[in-house]
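Here is how the chains run, residue by residue.
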Amino acid sequence: MKRILILSTALTAVSFAAQAEVTVMSWGGGYTTSQVEAYHKPFTAATGTPVISVDSDNPAPAVKAMVEAGNVTVDVADVEYADAIRLCDDGMLEPIDAASLPAGADGTPAVDDFLPGALTECAVSTIVFSTVFAYDTTKFPEGPTAIADFFDLAKFPGKRGMRKGAKANLEMALMADGVPAAEVYAMLETPEGQDRAFAKLDTIKSEVVWWEAGAQPPQLLADGEVAMTTAYNGRIFGAAVSEGKPFATVWDGQVYEYDLFVIPKGAPNKDAALEFVKFATSTQALADQAKWISYGPARKSSAPLVGLFNDGKTEMAPYMPTAAANLTNALPSSYEFWVDRDAELNERFNAWLASN
Amino acid sequence: MAEIAPLLTTADGRPLKAALGAAQARAKRRAFFLVLPLLAFVILTFVIPIGTMLKRSFDHDGFSANAPLVGAWFDANPQSTEPDEAAYAALVADLAQMQKDKTPGIAGTRINYTVPGTISLFKGAARNAAKMEPPFKEALLADDAKWSDPLVWVAMREASNRYTTDFYMVATDLKRSVDGGTERVDEKQRIYRYLFVKTFILSGIITFICLLLAFPVAHLLATLPMAKSNLLMILVLLPFWTSLLVRTTSWIVLLQEQGVANNVMVAMGLIGDDNRWRMIYNQTGTIIVMTHILLPFMILPLYSVMRTIPPSYARAARSLGGTSWTTFRRIYLPQTLPGIAAGSLLVFILAVGYYITPALVGGADGQLISNFIDFHMDKSNWSLAAAIAALLLGAVLILYWLYDRLIGIDRLKFG
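Please read all numbers here as calculations on a predicted model, not as lab measurements.

What counts, and where the lines are drawn
Residues numbered from 1 in each chain as written. Chains lettered and ligands numbered in written order. Predicted model: local features only at pLDDT ≥ 70, side-chain atom pairs only at ≥ 80, totals over all residues. Helix = DSSP H or I, 4+ residues; strand = E, 2+ residues; numbered from the N terminus. Rg over C-alpha atoms; globule rule 2.2 N^0.38 Å. Buried ≥ 20, exposed ≤ 12 C-beta atoms within 10 Å, placed from the backbone. Pairing = 2+ DSSP bridges.

1. Digging into the overall build of chain B
When you go through chain B residue by residue, the secondary structure sums to 18 helices and two strands. By the compact-globule yardstick of 22 Å for 415 residues, chain B is too spread out, its C-alpha radius of gyration being 31 Å. Along the three orthogonal principal directions, the C-alpha set of chain B runs to about 100 × 95 × 35 Å. For chain B, with 415 residues in total, the buried portion stands at 33%.

Next up, the structure:
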């Protein structure tokens, strides 16, 4: 089905070559909805260029396959940070000149307006998503407030949910152990730092329930299987606001990452695609997207423009990973670090998990 | 005296032997055309994909294709040669070329498989390589002192040949030492051997429990009158036909700490509310759920064999004075052996490669080796995934061979 969709899109693109249009490949579900509402529709209204949305489980492998086969049918793709870097390194993406992006609403040049690390050679970030920890307010009315509380079984007894993997857990463990966010990766580079992170994880290991899919943590919390859990912030927001679950998010010690737009090499409508990326990553478009999902805009100038959730009453700003109040003790996930250490630390993490 | 027999011919005078051969060849060709679709299907969907996947376990040209000059230096200088200025010059030239071709990430990734922290090393050095001037050794070390690490050079030497045993070494918790020999990895990193052993032990336990549970059920099914046994058979088959995911998630509902089983036990006062049993998201969960899911694979072969055992044999044994235990041990059990063998082999081999159930209910300590194959497919280290898969395949084939030697594959009966 997907292939037919792509094929027909390609055919349409060929037959109407004169009329430019932009095909955007993204992740589907509520996330694509937020992009259609905030980027695609306004872009078509402003420029007259139609935008076609294509869904994929993960656009990065699709882009890779298309470029390798020399048959690119997608103009813009939404990918994760590591994939954006890797595809760019492999020469599969068009470079995007950061200086050509529109300045922020307040006139700040794009290079300064985007959050640190949000712009790369070939990719422009749209949103920030974050790994945070959340708890059940009925179990802890007082509530934990700091990342150290997550590791404090004496003060806050109960099971913990954590993602089964080294990434984000090691960073959180070090921050809970008192390491300032800015020094976390320097410390994790050293064997002593790694030992320290694992030692901190050791303190709660017996109480941890490990999750893998993003949908699991709100479920574990709702079932009472865990008292606290790490989770992607959008999932907790969805359960708390849309479904009215008694969940609260603790932003202290959050580890945030970007999602980015890229243009595959050989995109059929490269110029229109570039226009689309500029439009979609403008201050207003990024702010509008937050109306539909609680992932933060990658531009600083978008934050003040973030309004209400689409239920018309929930103020979105406090739920954003990028809200100033939430960034007091926050760590941007380091792509450089994880691309180098992923295999090594996950192997150690797996060995640590399997040992009792 | 021997008479020369007259040459037999067909009606049109051709020698009979040739005519017969031609007719048989035609029949053979026709038979071959009949199996051709299946053959093509098997080759296209089974042999080729699995072959190319297994090839990845020893074939990786990420470094060798992008660093020809360093490769030439390695060829000219034997192992344990200290990298000299010529080596560094070759490396810098390769890095500069990589930067032009946008491949330092690919080459770095290949080295990173055995020496962590080298992707950024390659990328960083490649960025500056074009500007470097002799002496290249100093220039490169100024960029990053890690270039002098002998392990990086050992890894590059191995990777400069596209055919490698590196991935099999990683899959067996081994690494290359500074002198090019092999040694075990750091204790904190050891995982694969342990997992292989654990996978086989857990599969053995699951097979044994399946056998214990299935034997009486199959016996009951085989001895009851048809009408009743059909009804019971449906009870066996219904879960068999139900989606695997549905069954696995039902077990989560039943066994989790706030789940049905624990709630019932708490309500009955068997265990305290704050002392609930942890029966899922660990090894216990993996064993329980996999036993349930694989049970029909044990019951069905057992049933089909037991069905064919005439009840008169057991009656004869009893009438000759055998106790019920002796009758069972010496008459009934030996006759069910082909079924036991078939069921056990089926369940064991399925369990060894099982993936989805341990992934969902295994938690931390209930993971099997196949979960790590999946893990590395996800992390796009396909070569390591292929190496682990090849080892698993090899181990299963050895077991199959042993089984054939001990019990005999021709005694297998699936129904």
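That was the structure; now back to the text.
2. Overview of the pairing of strand 7 (residues 228–232) of chain A
A regular strand carries its side chains on alternate faces of the sheet. Residues and elements named next belong to chain A. Burial runs high along strand 7: five of the five residues are buried. Every second residue of strand 7 is oriented toward a common face, with Met228, Thr230 and Tyr232 on one face and Thr229 and Ala231 on the other, all of them buried. Summarising the sheet, strand 4 (residues 123–136) and strand 7 pair through five bridges and their orientation is antiparallel. Pairing of alanine 134 across the sheet is with threonine 229, part of strand 7. Bridging between strand 5 (residues 160–163) and strand 7 involves two bridges; their strand directions are parallel. Bridge pairing in strand 7 places glycine 161 opposite threonine 229.

3. Quick notes on unusual backbone geometry
Leaving glycine out, the prevailing phi sign among residues is negative, and the prevailing peptide bond configuration is trans. All names here are of chain B. With an omega of 0 degrees, the peptide bond between proline 134 and proline 135 qualifies as cis. Of note, proline 135 is situated in the loop between helix 5 (119–129) and helix 6 (136–143). Residue aspartate 173 is not a glycine yet carries a positive backbone phi of 60 degrees. Assignment of secondary structure puts aspartate 173 in the loop between helix 8 (166–171) and strand 1 (174–176). Backbone geometry places tyrosine 281, a non-glycine residue, at a positive phi of 65 degrees. Relative to the elements of secondary structure, tyrosine 281 occurs in the loop between helix 12 (260–267) and helix 13 (283–307). With 25 C-beta atoms counted inside 10 Å, the residue tyrosine 281 sits in the buried group.

The values reported here are purely geometric and, on their own, carry no functional implication.
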